[in-house]
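What follows is the residue order along each chain.
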Amino acid sequence: MCGIVGYIGHRETAKVLIEGLKRLEYRGYDSAGIAIFHQGKVEIRRKEGKLSKLEELIGGETFDGKVGIGHTRWATHGRPSDENAHPHKAGRVAVVHNGIIENYLSLKEILKSKGHVFTSETDTEIISHLIDEFAQEGYSPLEAVRIALDQIKGSYALGILFEGDEECLIAARKESPLVIGLGDKEYFIASDVPPVLPYTRDFIFMDDGEVALLSSKGVKVFNTKGEEVSKEPKRVNWNSLMAEKGGYKHFMLKEIFEQPRAVIDTIRGRLSKEKGDAVLEGVRFAPTVLENMRRINLIACGTSYHAALVGKFLIEAFCRIPVDADIGSEFRYRNPIIGKNDLFVAISQSGETADTLAALREARRKGATTLAICNVVESSLAREADHVIYTHAGPEIGVASTKTFSTQLVILFLLALRMGRALGVLSCEGGKTLIEELVRIPHLMEEMLKTSSQVAKIARKYLQARDFLYLGRGINYPIALEGALKLKEISYVHAEGYPAGEMKHGPIALIDREMPVVVLATQNDVYEKVISNIEEVKAREGKIIALASTSDREIVQKVDDVIFIPETLPSLTPILLTIPLQLLAYYTADFKGTDVDQPRNLAKSVTVE
Ligand code: M6R
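Residues numbered from 1 in each chain as written. Predicted model: local features only at pLDDT ≥ 70, side-chain atom pairs only at ≥ 80, totals over all residues. Heavy atoms only, no water.

Bringing the pattern of salt bridges into the picture now. Overall, the coordinates contain 41 salt bridges when judged by the stated rule. With its nearest N and O atoms 3.0 Å apart, the salt bridge here joins Glu-447 to Lys-450. Residue class for Glu-447 comes out partly exposed when judged on its relative accessible area of 31%. Under the relative-accessibility criterion, Lys-450 is labelled exposed at 60%. The network of salt bridges with common partners includes Asp-207, Glu-210, Lys-231, Lys-234, Glu-378 and Arg-383. (Salt bridge = Lys/Arg side-chain N within 4 Å of Asp/Glu carboxyl O. Buried < 20%, exposed > 50% of the residue type's maximum accessible area, 1.4 Å probe, protein only.)

What follows is about the packing of aromatic side chains. Under the defined criterion, the tally for this structure stands at ten aromatic pairs. Ring geometry for Tyr-7 versus Phe-188: centroids 5.0 Å apart, planes at 45°, classification tilted. In this pair, Tyr-7 is assigned in strand 1 (residues 3–8) and Phe-188 in strand 10 (residues 187–190), connecting sequence segments 181 residues apart. Neither residue differs from the other here; Tyr-7 and Phe-188 are each classed as buried. (Phe/Tyr/Trp six-rings, centres within 6.5 Å; stacked < 30°, edge-to-face > 60°. Helix = DSSP H or I, 4+ residues; strand = E, 2+ residues; numbered from the N terminus.)

A word on the domain arrangement of the protein. For the protein, the domain assignment lists domain 1 (2–244), domain 2 (265–439) and domain 3 (446–592). Domain 1 and domain 2 are separated by 34 Å when their C-alpha centres are compared. With 15 residues of domain 1 at the interface, the matching set in domain 2 holds twelve residues. On the domain 1 side of the interface with domain 2, the three residues burying the most area are Tyr-26, Phe-205 and Trp-238, jointly 41% of the side's total. (Domains from an automatic or database assignment. Contact = heavy atoms within 4.5 Å. Buried area = accessible area lost by both parts, 1.4 Å probe.)

In the vicinity of the ligand, 13 residues are found, and the nearest of them are Ser-304, Ser-348, Ser-350, Thr-353 and Glu-489. Contact distances for the ligand include 3.0 Å between an oxygen atom and a backbone N or O atom of Thr-303. With respect to the ligand, the side chain of Ser-348 contributes an N or O atom lying 2.6 Å from an oxygen atom. The fraction of the free accessible surface of the ligand (410 Å²) that becomes covered by protein chains is 93%. Listed by contribution, the elements that provide at least two residues to the shell around the ligand are helix 9 (302–319) and helix 16 (477–491). By residue number, the principal contributor to the shell around the ligand is helix 9, which donates three residues. For the shell around the ligand, the class distribution of residues is three nonpolar, eight polar and two charged. (Near = heavy atom within 4 Å. Polar contact = N/O pair within 3.5 Å; in protein donor to acceptor, adjacent residues only side chain to side chain. Areas by Shrake-Rupley, 256 points an atom, 1.4 Å probe, with all protein chains shown as cover. Nonpolar A, V, L, I, M, F, W, Y, C, P; charged D, E, K, R; others polar.)

Moving on: the nonpolar core. In this structure, Ile-296, Val-345, Met-419, Phe-468, Tyr-470 and Val-518 are the most contacted members of the largest nonpolar core, which totals 89 residues. Inspection of this core shows a minimum of three residues originating in each of domain 2 (265–439) and domain 3 (446–592). If near-sequence neighbours (up to four positions away) are discounted, Val-345 is found in contact with Ile-296, Asn-297, Leu-298, Ile-299, Leu-371, Ile-373 and Leu-415. Judged by nonpolar contacts, the second largest core, of 32 residues, contains Ile-34, Val-179, Ala-243 and Phe-251. (Core = buried A, V, L, I, M, F, W, Y, C linked by side-chain atoms within 4.5 Å.)

Quick look at the packing of helix 7 (residues 259–267) against helix 13 (residues 403–422) now. Where helix 7 meets helix 13, the axes come as close as 9 Å, and the angle between the chain directions of the two elements is 30°. Judged by the angle between their axes, helix 7 and helix 13 are roughly parallel. When you trace helix 7 past helix 13, the crossing you get is right-handed. In this structure, helix 7 uses Gln-259, Ala-262, Val-263, Thr-266 and Ile-267 to contact helix 13, whose residues at the interface are Lys-403, Ser-406, Thr-407, Val-410, Ile-411 and Leu-414. Tallied by class, the residues present in the contact of helix 7 with helix 13 amount to six nonpolar, four polar and one charged. (Axes fitted to C-alpha atoms, helices over the stretch in contact; angles between N-to-C directions. Parallel < 35°, antiparallel > 145°, perpendicular 65-115°, else oblique. Left-handed = near helix turned anticlockwise from the far one by under 90°.)

On any regular strand, side chains alternate: one points to one face of the sheet, the next to the other face. In terms of burial, strand 26 (residues 543–549) is a largely internal element, six of the seven residues being buried. Pairing between strand 25 (residues 516–521) and strand 26: six bridges, direction parallel. For Val-519, the partnering residue across the bridge sits in strand 26 and is Ala-546. A crossover links strand 25 with its parallel partner strand 26, the connecting element being helix 17 (residues 527–539), and its sense is right-handed. Alignment of strand 26 against strand 27 (residues 561–565), held across five bridges, turns out to be parallel. Counted as the bridge partner of Ala-548 is Phe-564 from strand 27. (Pairing = 2+ DSSP bridges. Right-handed = clockwise from strand over helix to strand, strands pointing away.)

Below, the discussion takes up the pairing of strand 9 (residues 179–182). Residues Val-179 and Gly-181 line one face of strand 9 and the alternating positions Ile-180 and Leu-182 line the opposite face, and both faces are buried. Hairpin connection between strand 9 and strand 10: a loop of four residues separates the two successive antiparallel strands, and Lys-185 in this loop has a positive phi of roughly 55°. Pairing analysis gives three bridges linking strand 9 to strand 11 (residues 202–205), with the strands arranged antiparallel. Counted as the bridge partner of Gly-181 is Phe-203 from strand 11.

Consider a sheet: its strands pair through backbone hydrogen bonds, and that pairing is either parallel or antiparallel. Here we have seven strands laid out as an open sheet, ordered 5-6-7-8-12-13-14, and antiparallel in their pairing. Looking at the sheet topology across the chains shown, the edges are occupied by strand 5 (88–90) and strand 14 (228–229). Strand direction decides the pairing type here: strand 8 (residues 169–174) and strand 12 (residues 211–215), joined by four bridges, are antiparallel. Bridged to Leu-169 within strand 12 is Leu-214.

Further remarks concern the side chain of Thr-588. Structurally, Thr-588 is set in helix 19 (residues 573–592). Classification of Thr-588 as buried rests on a relative accessible area of 2%. At a separation of 2.6 Å, a polar atom in the side chain of Thr-588 contacts the main-chain carbonyl oxygen of Leu-584. The residues touching Thr-588, leaving out its near neighbours within four places in the chain, are Ala-459, Leu-463, Leu-487, Ser-491 and Val-493.

Set out below in structure tokens:
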């Protein structure tokens, strides 16, 4: 939640900050602001609403300073308003912040008693006052920041400026992501790499508790004890074009269409066709881990949780080990039974989702072996887990997850294959069959994308519907949940995903001639049962949009609309089913005129509990 940027260098600072914030707007878009030096003073411009409002406010104004910080907000403490927008400035100190300060109320009282006057409802404002308090006592900027941070409880990624010191941009990180971009005599800070990609691909990934001092001469990073540490820069293999729309109307549409490529990139180098096995470079379980493994926990939130539900089916089928799929925010609060013979797999696009991270920490504390499946390289989850597998989906900017979901499904398929082979449950021949089908998937995904105009027509036909029901069974049930989530989050139409067999226990009461029901009815061992569910909906005059196997021509008589899905293994069908559901949500939202890439109230990366 919230995105921060900072820059020190020779370019037009305001432009670098605004362009950077545009690439971070997916993290929050309630308000935005910048702090920038001009004629020796720190000038602040901030505005409620989207970044375009801030751009309007700045208009043609120019600033001569070579250092600045910027922020795009997703409100936690204090409603979206100009006053609550960052940066916050107290005395000489201007701050942008991503995270939550838990003890801000008690600190605020102490600071008030010392004469500090607050102008916002945010937790962030206390940071600027606290640092200024120590700066006024004569501490250097770096010391003032360190002492202030010692008193703060909570999470933060910070960018800090000191009026009177144009050679100083300070960054600090604890439990909120922050990267430092290393250019040629210019340096950047950002919550994520896309804002920095137009300038450099070399990054320092800050660790928790570290504070960095950026000046025109370079970057110094200090640990919690204040000792300078040497950090190895890492080269990121994403490029700046990957974070642009490339002619598509929305990032989401571009990312839907990128899926075949993303899957190819995710599979590349990870298949051993001769051995009928997967090669997962990030997973090197000690033999005893596999031998003793009794249970697997898959943990995630939102769309990634739906991938986890599919993963449960895949791993249980290929490995015959019991798997629990759980929601990150629920897991740790029930004192989960997990031990050193369990494998804990955390799935997250961003690798920064607070609930998923907290669950991982709980599992580690209890001694489980941990594995992260992430898209963002060097994210917190990736760094804290014992093992990591990356989805190679590239940057995903649309708030609604699309290509990262399909690549998560692919990674879970590969993980299930690898473990099934290692445990001897899957034979070499069995593994080869799975691989043969998997390599066909990108091509079949291309076929699915060709249904785009048909899906757009269906979206138009049901545009007035106020509710949708999505039904699936078995491994397709999580895809029903995902289809419903996509529709809800970007078009604001109410939608429910339900196991088709469970419909008769309640949701059937909702069905009438106004209610579109999307039924995932591909050929598998529960196909006949799904057809019975279709009959039940029909008998109540519900409208049925079926997703059915290409060979199933009979279904045309039974339903109102049908989208055909190429035949593949039932274990791979979820990847294909996902595409028309993403498109249905996309076109519904686009026709309704909602903000597809930045839906209301949402943020891409939920770094607060
Ligand atoms: O970065 P993560 O995969 O951990 O994010 C989890 C959810 O916040 C995310 O999937 C969210 O539900 C998306 N808006 C779904 O499109």
